[in-house]
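# Structure assessment
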Amino acid sequence: MRESVHSLDWFLYGSIPTAHSLAKLADFKSHITGSTIVGLAYGYWGVSTQSMSIESGIVAAGLCSVSGMLPDLDSDSGIPLRETSLFISAVVPILMIHRFRDLGFTAEDMAVAAMLLYIAIRFIAVEFFKRYTVHRGMWHSVPAAIIAGLIAYLVMPCPSDALRLYKSLAVVLGFVVHLVMDELWSVDTSGGIRFKKSFGTALKFFGTDGLANFAVYSKLILLLVLAWEDGAIVDQIGRAHV
């Protein structure tokens, strides 16, 4: 019986989970639950008050939901990192279909680009996060949430700027929900209010590492410039492709 339980654990988790890994999984599910609830409210708000279509509301709700996983990219290992990287590497190429069309890609070009994106995200980007980030570092911060929203803005061209901004803000919102939940869980209310050591390490604008702060804000400024000049850059690349 014990061997069958271990076999099931191996099938579900890729290894026999420890108490620590199961705790991380519980946190992971809680984050997804929180961002999904907020995403549903955000999607409804867009449809009911901002004249967004039902389809756009559903997409925005989904983006907010899955963005609740993004801060866990700086996890050292385990289920959060694996699930997050797998999902992002599969979804991003789909979200970029309209971008590929704007660039004048053929169907074959899109297929090749999608495969390259999957490899780049699944292996290269994830390895980068493993090597050069620490859990609760600057990837757990407000500027990182804005960076995630700007990346979404760049990969998802829309018929209108309002719709594009609406979807991009869904990513920021889901990211921030994760940060807020981390801060709430850093407050121990058993036997009075006590702040854990992790309090203040998620919902922040600056960390303790000056180099990490510089790297994050440099990326933020670069993405802001790219977002501002997006139309001109796409037109130039499209002409060069033709």
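Before any of the text, the structure's been laid out above.
Throughout what follows, the structure given in this document is the object of discussion.

Definitions and cut-offs
Residues numbered from 1 in each chain as written. Predicted model: local features only at pLDDT ≥ 70, side-chain atom pairs only at ≥ 80, totals over all residues. Heavy atoms only, no water. Helix = DSSP H or I, 4+ residues; strand = E, 2+ residues; numbered from the N terminus. Buried < 20%, exposed > 50% of the residue type's maximum accessible area, 1.4 Å probe, protein only. Contact = heavy atoms within 4.5 Å. Areas by Shrake-Rupley, 256 points an atom, 1.4 Å probe, with all protein chains shown as cover. Axes fitted to C-alpha atoms, helices over the stretch in contact; angles between N-to-C directions. Parallel < 35°, antiparallel > 145°, perpendicular 65-115°, else oblique. Left-handed = near helix turned anticlockwise from the far one by under 90°. Nonpolar A, V, L, I, M, F, W, Y, C, P; charged D, E, K, R; others polar.

## Details of the overall build of the protein chain
- The number of helices and strands found in the protein chain is ten helices and two strands.
- Its helices and strands in sequence order give the protein chain the pattern α-α-α-α-α-α-α-α-β-β-α-α, from N to C terminus.
- A burial count over the protein chain gives 40% of its 242 residues as buried.
- Put simply, of all contacts in the protein chain between residues at least 6 apart along the chain, 69% involve residues at least 24 apart.
- Of the accessible surface of the protein chain, which amounts to about 14100 Å², a share of 70% is contributed by carbon and sulfur atoms.

## Here we look at the packing of helix α3 (residues 54–67) against helix α8 (residues 161–184)
- In the contact formed by α3 and α8, the axes pass within 6 Å of each other and the chain directions differ by 25 degrees. Between α3 and α8, the interaxial angle falls into the category roughly parallel. Pair α3 / α8 crosses with right-handed handedness. Every residue of α8 that contacts α3 at Ser56, Gly57, Val59, Ala60, Leu63, Cys64 and Ser67 is listed here: Leu163, Tyr166, Lys167, Ala170, Val171, Leu173, Gly174 and Phe175.
- Of the residues that constitute the contact of α3 with α8, the class distribution is ten nonpolar, four polar and one charged.

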